[in-house]
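# Coordinate inspection notes
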Amino acid sequence: MRSRKKMIAGNWKMNMTAEGALALIPAIAAGDAADVLICPPFTLLHLAAQEAARAGVLLGAQDVSRYPMGAHTGDISAEQLRDAGCQWVILGHSERRIDHDESSAEVCHKAEAAIKAGLQIIICVGETLRERELDQQNVVVEKQVLDSMPDNADARNCVFAYEPVWAIGTGQTATAEQAQAMHKFIRSVIADELTPQAADYMRILYGGSMKPDNAAELLGQPDIDGGLIGGAALKADQFNAIIAAVK
Ligand code: PGA
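Before going into details, it helps to say that this report is about the structure given with it. Owing to the predicted nature of the structure, the values given are computational and were not obtained by experimental measurement.

### Brief notes about the overall build of the chain
When helices and strands are tallied, the chain shows eleven helices and eight strands. The C-alpha atoms of the chain give a radius of gyration of 17 Å, which matches the 18 Å a tight globule of 247 residues would have. Each of the three principal axes of the chain carries a C-alpha extent, and together these read 45 × 45 × 35 Å.

See below:
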């Protein structure tokens, strides 16, 4: 198996203003063991770009328009994200799939546009509690992976994040065994859809209540290549402890 560089990504969601960002980013201890990424809200991207570069941290946004420019009030294009200093964008987070009725087909359009503009993408997938109770998690996640991944995606420009909806912001983490099983399954789906080599190179992050006290066990699983962190990314000590858990 190829060794994939781990990624620790902070999803700030709709949190923080300039003051908090200017305090938090310089306190991040990025190190070399992992790619460390922060994804602040749009309004903070320009400001965060300089601080992130200084701290050795990559910068991403939390969404992008499928359109390159024009009459799309309230939307932000991939070129505008590049211009603001972003290298990455998160797509298809369950909060967007739920709050904005985003379908996997829409995520796929956004992903295609982002890659075309030179951004790297993190596509989020994950089942609800009801779907897991019905033992439908593999069916649901396989469909999300296949329907969200555009033709121009490959292991260099695309990362997946498995985020079981029932684990996000709830303090209820998937067990390391549940997460590992799903990551291995996602890798097999990618191997069938792309190639076994692409699947071997592609990073798959875990997200959903990853914290300093469970990070090492999750990150120690063979198919878990990092974390997409919400709440714990807003506090430097917690985010740093998760980064430090990367071996
Ligand atoms: P959480 O969020 O770490 O607060 O559960 C993760 C995410 O939604 O990306």
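Anyway, onward from the coordinates.
### What to know about the site of the ligand
The environment of the ligand is formed by 13 residues, the closest being K13, H93, E163, G169 and S209. For the ligand, an oxygen atom lies 3.5 Å from a polar atom in the side chain of N11. The contact in question runs from an oxygen atom of the ligand to an N or O atom on the side chain of K13, over 2.7 Å. Here the ligand loses 96% of its free accessible area of 280 Å² to cover by the protein chains. Taken together, the residues that form the shell around the ligand break down as four nonpolar, seven polar and two charged.

### Section: helix α2 (residues 45-55)
Residues spaced three or four apart along an α-helix point in a common direction, a consequence of the helix completing one turn every 3.6 residues. Among all positions of α2, only L45, A48, E51, A52 and A55 are buried. End-on view of α2: buried residues confined to an arc of 125°, all on one side of the axis. Counted as exposed and oriented over 90 degrees from the buried face of α2: H46, Q50, A53 and R54. In this fold, the buried residues of α2 make contact with α1 (18-24), β2 (34-39), β3 (58-61) and α3 (78-83). Looking at the residues trailing α2, positive phi occurs at G56, about 70°.

### What about unusual backbone geometry?
The phi angle at M16 is positive, at roughly 90°, despite the residue not being glycine. With respect to the helices and strands, M16 occurs in the loop between β1 (6-11) and α1. Of note in the backbone geometry, S209 takes a positive phi value of approximately 55° without being a glycine. Along the chain, S209 turns up in the loop between β7 (204-207) and α10 (212-219).

Analysis parameters
- Residues numbered from 1 in each chain as written.
- Predicted model: local features only at pLDDT ≥ 70, side-chain atom pairs only at ≥ 80, totals over all residues.
- Heavy atoms only, no water.
- Helix = DSSP H or I, 4+ residues; strand = E, 2+ residues; numbered from the N terminus.
- Rg over C-alpha atoms; globule rule 2.2 N^0.38 Å.
- Near = heavy atom within 4 Å.
- Polar contact = N/O pair within 3.5 Å; in protein donor to acceptor, adjacent residues only side chain to side chain.
- Areas by Shrake-Rupley, 256 points an atom, 1.4 Å probe, with all protein chains shown as cover.
- Nonpolar A, V, L, I, M, F, W, Y, C, P; charged D, E, K, R; others polar.
- Buried < 20%, exposed > 50% of the residue type's maximum accessible area, 1.4 Å probe, protein only.
- Arc of directions from axis to C-beta.
- Contact = heavy atoms within 4.5 Å.

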